[in-house]
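Report on the structure
Residues per chain are reported as follows:
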Amino acid sequence: MSDGVQRRFLGMRITPLTERRLRSFRANSRGFWSLWIFLAVFVLSLFAEFIANDRPLLVSYEGELYYPALFTYPETAFGGVFQTEAEYREPEVQELITSKGGWMVWPPLRYSYGTVNLSLNQPAPSAPSAENLLGTDDQARDVLARVIYGFRISVLFGLTLTILSSVVGVAAGAVQGYFGGWTDLLFQRFMEIWSGMPRLFLLIILASMFIPSFWMLLGLLLLFEWMSLVGVVRAEFLRTRNFDYVRAARALGVNNVTIMRRHVLPNAMTAALTMLPFVLIGSITALTSLDFLGFGLPPGSPSLGELLAQGKANLQAPWLGITSFMVLAVMLSLLIFIGEAFRDAFDPRKTQM
Amino acid sequence: MALLEIRNLKKHFPVGGGFLGRGAETVKAVDGVTLSVEDGETLGLVGESGCGKSTLGRCIIRLIEPSDGQIVFDGQDVTALDADDMRVLRRRMQIIFQDPYASLNPRMRVGEIVGEGMQIHKLAKGGELRDRVMQLLARVGLREEHFDRYPHEFSGGQRQRIGVARALAVNAQFIVADEAVSALDVSIQAQILNLLQDLQEEFKLTYFFISHDLRVVEHISDRVAVMYLGKLVEIAPAEAIYANAQHPYTRALLSAAPLPDPSRKTERMVLQGDVPSPINPPSGCSFHPRCPFAEKICSEVEPALVRDGDHSVACHVFGPGATVGRAAETV
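Residues numbered from 1 in each chain as written. Chains lettered and ligands numbered in written order. Predicted model: local features only at pLDDT ≥ 70, side-chain atom pairs only at ≥ 80, totals over all residues.

What follows concerns the overall build of chain B. Across its full length, chain B carries 10 helices and 12 strands. For 331 residues, the compact-globule estimate of 2.2 N^0.38 gives 20 Å, and the C-alpha radius of gyration of chain B, at 21 Å, lies within 12% of that figure. The principal-axis extent of the C-alpha atoms belonging to chain B is close to 70 × 60 × 40 Å. The buried share of chain B, taken over its 331 residues, is 42%. Taking the intrachain contacts of chain B between residues at least 6 apart in sequence as the baseline, contacts between residues at least 24 apart amount to 61%. (Helix = DSSP H or I, 4+ residues; strand = E, 2+ residues; numbered from the N terminus. Rg over C-alpha atoms; globule rule 2.2 N^0.38 Å. Buried ≥ 20, exposed ≤ 12 C-beta atoms within 10 Å, placed from the backbone. Contact = placed C-beta atoms within 7 Å.)

The following block contains the structure:
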């Protein structure tokens, strides 16, 4: 019981209940550390261009500074002959820059996800070496660089899909649960039919008609993914709409939208939030499986599913399969641990009012 | 003119039934109630649980849409109002709920709960809203520092005070108190009842006080209406009900109420059987299967609520409408 003193977390006023949940989440050290590790890796991967890139971060040439990682400079800027962008990995270009007392700051990994290692002394896919720590794939691209970018795109895709599908799912569940009756009945029947659609086949058919971009793939998956949250949110709304404080709000003349947002949604969000990490896992897996089948992101994109498919096609190069498996396994395990800790922290039996 | 007039109000709930509601039976929760509430009075409504008291109360403020009948509040037919007009009217009619734990949103602060009505109806905002909520909290016996607390930090009685403050926040004149003190300890009941009476004097409030507890109703009501299976069986000034009850059901209820005086012996009138199903109420007078005075006519003809002065009774045997039996001796 609070003694009237308001607790704060990250500058926000929090309720004693939230405080208890935070404490409970922290007490689960596996989930707590998983969250920090995942966040650290994710934030690092957001800056992938500064970690793995085939352009230097900084070039000093004739007393002037250039930022090739951010801007495009033609080779002529460094005294070369081509009007096209400088190929910083070429010895000739490096020669041009360093010969006049210039210097370059490279990221730790001199490969981007699409960079082809042209100086391989063995056929691709080549085994791990000092130059390519995790080897190269069948197109002589550095696996480590592709994994870093692939992780980023997987998580970003998963997060975007999760957020969009929760917005749609929560809204749909709220309307069904709050109004009930015919609205609920018709909407539920529609969802039963809709969820019976063979989604993978639909996606494959659509993917064969268009080359799906990131956003288009997101839209296609969203068509089905939104249903995952409807059930819990609808159930919470059905339960809460008959509470006396909802009746009191109705008697005060509060309109339905405000009642849903202010009085019912906060209760329903507890159940929805608990499911979010698992929805995220589902979204990431959905993208990976589509990529694995070759119906996912456009060719050339860094993708864990595509790497997995390469591992399957090149069993003589086990570093492909092992790397993609390990990355997926660790990422999904971390998310599961976070999700479990989340769920336990929100468990009403443990943190009752 | 009466502040509130209810004319032949009915609320039937469909139960069970097949696809698309065909073949459904109905629970006649409220089945033809006619009564009026004068401005500034307290009308007590008593009856067993399941007799339709709460449904009637909720129909009046249109938390439940009545199936049939009219509710006229201050000359306006409430049942015919559209959503916008209804919202305006809601300022004047409010409700206090039974369970002080369920009736306050656990995620809102007391200030937000009490201030919500003012904010919705744009009666005040910002600092003015805060001041008015503070005043209200003080008026219902809470302290200013309670403004920023959550409902779970309060006792049942304090929570009920918050509920009262919420109803008053929009300057309501008519308040439905739905078992407002039933969930509280007896000592706390008295405090809340006294608060309600003080507020009634100060703000000229009209109460529609629903309770199953005859002693509570006696304490607060000017008039008392007794309800059985969705119908009114007797309505009279409070003193008349307690001193001179006519309907056998009212008498049975009164004899079941414990008296604080052990030396006073009352004859207990114990009813036989259970309350009949409201899906299939008995023919004629719905009380006749349990009535010790039932005559042949009682199972055949439904008795009308007959008025004599300010005392109305719906009975064939007793009261002003009596046509058979002991009518002469008792009136």
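Okay, back to it.
Summing up its helical and strand segments, chain A has 12 helices and 5 strands in all. Its C-alpha atoms give chain A a radius of gyration of 26 Å, more than 25% over the compact-globule value 20 Å for 353 residues. For the C-alpha atoms alone, the extent of chain A along its principal axes is close to 80 × 55 × 35 Å. The buried share of chain A, reckoned over its 353 residues, is 37%. Restricting the contact set of chain A to residue pairs at least 6 apart, pairs at least 24 apart contribute 65%.

All names here are of chain A. Sheet architecture is open: 3 strands sit in the order E4-E3-E5, paired in antiparallel fashion. Taken across any chain shown, the strands that pair with only one partner, and hence form the sheet edges, are strand E4 (64-66) and strand E5 (103-105). Strand-to-strand twist of the sheet, defined as the mean angle between neighbouring strand axes without regard to direction, takes the value 20°. Sheet topology note: the strand E3 (residues 58-61)/E5 ladder contains 3 bridges and is antiparallel. For Leu58, the partnering residue across the bridge sits in E5 and is Val105. (Pairing = 2+ DSSP bridges. Axes fitted to C-alpha atoms, helices over the stretch in contact; angles between N-to-C directions.)

Another point: the pairing of strand E9 (residues 223-228) of chain B. Residues and elements named next belong to chain B. Most of E9 sits inside the fold, with 6 of its 6 residues counted as buried. Residue alternation in E9 divides its side chains into two sets, Arg223, Ala225 and Met227 and Val224, Val226 and Tyr228, and both sets are buried. Pairing geometry for strand E3 (residues 42-46) and E9, over 4 bridges, is parallel. The residue of E9 that forms the bridge with Leu43 is Arg223. What sits between the antiparallel neighbours E9 and strand E10 (residues 231-237) is a turn of 2 residues, in which Leu229 has the positive phi angle 50°.

Moving on: the interface of chain A and chain B. Tallying the contact residues gives 18 residues for chain A and 26 residues for chain B. Taken together, the elements giving at least two residues each to the side of chain A that touches chain B come down to helix H9 (244-252) and helix H10 (256-293) of chain A. Here the side of chain A that touches chain B gets 8 residues from one element, more than from any other, and that element is H9(A).

A few words on the sheet that holds strand E2 (residues 25-37) of chain B. Strand pairing in a sheet takes place through backbone hydrogen bonds and is either antiparallel or parallel in direction. Residues and elements named next belong to chain B. Read from one edge to the other, the open sheet built from 4 strands follows the order E2-E1-E4-E5, with strand pairing classed as antiparallel. In the strand order of this sheet, the two ends are held by E2 and strand E5 (76-77), each with one partner. Looking at chain direction, strand E1 (residues 4-15) and E2 are connected through 10 bridges and run antiparallel. In the sheet register, Ile6 faces E2, and the bridge partner there is Leu35.

All names here are of chain B. Each domain of chain B was delimited in the assignment, giving domain 1 (2-92 + 173-313) and domain 2 (104-172). Relative to domain 2, the C-alpha centre of domain 1 lies at a distance of 29 Å. Between domain 1 and domain 2, the residue contacts involve 14 residues of the former and 13 residues of the latter. Sorting the residues of the side of domain 1 that touches domain 2 by element identifies strand E7 (174-178) and helix H6 (186-203) as the ones contributing at least two each. For the side of domain 1 that touches domain 2, the leading source of residues is H6, giving 6 residues. In the side of domain 1 that touches domain 2, the residues fall into 10 nonpolar, 2 polar and 2 charged. (Domains from an automatic or database assignment. Nonpolar A, V, L, I, M, F, W, Y, C, P; charged D, E, K, R; others polar.)

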